[in-house]
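One-letter residues, chain by chain:
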Amino acid sequence: MSDTTTLVHEVLLAEPRGFCAGVDRAIEIVERALTKFGAPIYVRHEIVHNTYVVNDLKAKGAIFIEDLAEVPPGATLVFSAHGVSRAVRDEAAARGFQIFDATCPLVTKVHVEVAKLAREGFEFIMIGHKGHPEVEGTMGQLSQGIYLVEEVADVRHVRPRGDKLAVVTQTTLSVDDAAGILAEVKAQFPHVREPKQQDICYATQNRQDAVKVLAPQVDVVVVVGSPTSSNSNRLRELAERLGTDAYMVDAADDLQPGWFDGKPRVGLTAGASAPDILVQQVIARLRALGAVSVRRMHGVEETIHFPLPMGLGDKSMQQVAAERSAPRP
Ligand code: SF4
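Small disclaimer: the values here were computed from a predicted structure and weren't measured. (Residues numbered from 1 in each chain as written. Predicted model: local features only at pLDDT ≥ 70, side-chain atom pairs only at ≥ 80, totals over all residues. Heavy atoms only, no water.)

S.K.: Give a description of the packing of aromatic side chains that names residues and reports values.
M.R.: On inspection of all chains with the given rule, the structure shows three aromatic pairs. Taking the centre distance of 5.7 Å and the plane angle of 25 degrees together, the rings of F37 and F100 count as stacked. One end of the pair, F37, is in helix α1 (residues 21–37); the other, F100, is in strand β5 (residues 98–101), with 63 residues separating them in the sequence. Overall, F37 belongs to the partly exposed group, its relative accessible area being 34%. Judged by its relative accessible area of 7%, F100 falls in the buried class. When the ring of W259 is compared with that of F260, the centres are 6.2 Å apart and the planes differ by 70 degrees; the resulting orientation is edge-to-face. Classification of W259 by relative accessible area gives buried; the value is 13%. Put simply, the rings of Y247, W259 and F260 pair up and form one aromatic cluster. (Phe/Tyr/Trp six-rings, centres within 6.5 Å; stacked < 30°, edge-to-face > 60°. Helix = DSSP H or I, 4+ residues; strand = E, 2+ residues; numbered from the N terminus. Buried < 20%, exposed > 50% of the residue type's maximum accessible area, 1.4 Å probe, protein only.)

Have a look at this one:
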């Protein structure tokens, strides 16, 4: 079927969608480090989970590594937005690299809470996905006494040694799944201490809330995001659970016209690590498939901005204001 066949009629854009404050900050840290110190800049793990962003920074001189042994002495190293364990932080410091920490401040908040409560004798249940770098970083704040729970059934296998137990979560989980697991944790351990403010971050919550409004109004939901992006995967799953066909695309070329056969209303959103340029390219492709109307949903306006680390300066207030007021589709 050719792109000239009219399949799509209208596109509804979720609001908010795309970059969050933590991703914005992490990318800017790498770009500023490249400008200030020159290439190469080493980055431990993908700075954020998006193929386009990583390739763009590679082209500018960033080198992404997993093992600190790949970083030469005296190099500049950036920790990714997902955060690192204490062992990684200590090894990087011992090797004498110049370090800039792009860990999202909302992940750092969880690390600080874990360290504080551990000093008070607490053990932890962490709700999250095994192998995700954020989970490895948070669990790696302690050498013992933190138990990973991925689903409700896992809660039965947790055997804390003492009475003091607290719960923390990965920041990018499904809000609904996490609530179900937390309910089981509270049923099994009625005295468990919950975070004062939930760990699932504002950006994850807002993007999931927007999909809950979007999905019932359209025939198909398209999520722009890379396969490694936790919050993008959760958006696709959520739309599907709400009974709407849902697909995730890393780039506009991934769109398949057959998805829209007899389904003219398309909802479009993007994970927190997906840049707006990819959304614009997907919109252009949907127009080529016949879309005559592209509308934005009403949604929460996000105004959060995180400052840059010392040594890389911060944007001027005028620059931040100018970026916020830049037109979006
Ligand atoms: Fe921070 Fe949330 Fe964005 Fe992750 S998704 S970088 S926790 S704001």
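Read on for the rest.
S.K.: So, the sheet that holds β5: which residues are in play, and what are the values?
M.R.: Here four strands make up an open sheet; going across it, the order is β3-β2-β4-β5 and the pairing parallel. Two strands close off the open sheet at either side, each with one partner strand: β3 (62–65) and β5. Averaged over all pairs of adjacent strands, the angle between strand axes in this sheet comes to 25 degrees, irrespective of strand direction. The pairing of strand β2 (residues 41–44) with strand β4 (residues 76–79) spans three bridges and is classified as parallel. Looking at β4, one finds that V43 is bridged to V78. In the packing of α1 onto the sheet, the strands contacted are β2, β3, β4 and β5, and the crossing angle to β5 comes to about 150 degrees. Each of β2, β4 and β5 touches helix α3 (residues 86–94); the most contacted strand, β4, lies at about 170 degrees to it. (Pairing = 2+ DSSP bridges. Axes fitted to C-alpha atoms, helices over the stretch in contact; angles between N-to-C directions. Contact = heavy atoms within 4.5 Å.)

S.K.: Break down the environment of L278 for me, citing the residues and quoting the values.
M.R.: Within the secondary structure, L278 is located in helix α9 (residues 276–288). When the C-alpha positions of L278 and K116 are compared, they lie 40 Å apart, and in sequence the two are 162 residues distant. If sequence neighbours within four positions are ignored, L278 has contacts with N50, Y52, V224 and D250.

S.K.: So what's going on with the domain arrangement of the protein chain? Which residues, and what values?
M.R.: Looking at the assigned domains, one finds that the protein chain contains domain 1 (10–19 + 202–296), domain 2 (22–104) and domain 3 (106–188). Relative placement of domain 1 and domain 3: their C-alpha centres are 30 Å apart. Summing the contributions of domain 1 and of domain 3, the shared interface buries around 800 Å²; its carbon and sulfur component is 44%. In this structure, the connection of domain 1 to domain 3 is made through two salt bridges. Put simply, R241 and D177 hold a salt bridge, and the shortest N to O gap is 2.8 Å. Seen at the junction of domain 1 and domain 3, the total is eight residue pairs in polar contact (both at pLDDT 80 or more). Within the residue set of the side of domain 1 that touches domain 3, elements represented by two or more residues are α7 (202–214) and α8 (230–241). Split into classes, the residues belonging to the side of domain 1 that touches domain 3 amount to two nonpolar, five polar and three charged. (Domains from an automatic or database assignment. Buried area = accessible area lost by both parts, 1.4 Å probe. Salt bridge = Lys/Arg side-chain N within 4 Å of Asp/Glu carboxyl O. Polar contact = N/O pair within 3.5 Å; in protein donor to acceptor, adjacent residues only side chain to side chain. Nonpolar A, V, L, I, M, F, W, Y, C, P; charged D, E, K, R; others polar.)

S.K.: Give a description of the side chain of E123 that names residues and reports values.
M.R.: Relative to the helices and strands, E123 is located in strand β6 (residues 123–127). By relative accessible area, which is 6% here, E123 ends up buried. Of the polar contacts made by the side chain of E123, one reaches the backbone nitrogen of R161; its length is 2.9 Å. Residues within four places of E123 in sequence aside, it is in contact with G145, Y147, P160, R161, G162, K164, L165 and A166.

S.K.: Break down the packing of α7 against α8 for me, with residues and values.
M.R.: Where α7 contacts α8, the axes come no closer than 9 Å and their chain directions differ by 25 degrees. Of the possible angle classes, the one that applies to α7 and α8 is roughly parallel. The handedness of the crossing between α7 and α8 comes out as right-handed. In this structure, α7 uses T204, R207, Q208, V211 and K212 to contact α8, whose residues at the interface are N231, R234, L235, L238 and A239. Considered class by class, the residues forming the contact of α7 with α8 number four nonpolar, three polar and three charged. (Parallel < 35°, antiparallel > 145°, perpendicular 65-115°, else oblique. Left-handed = near helix turned anticlockwise from the far one by under 90°.)

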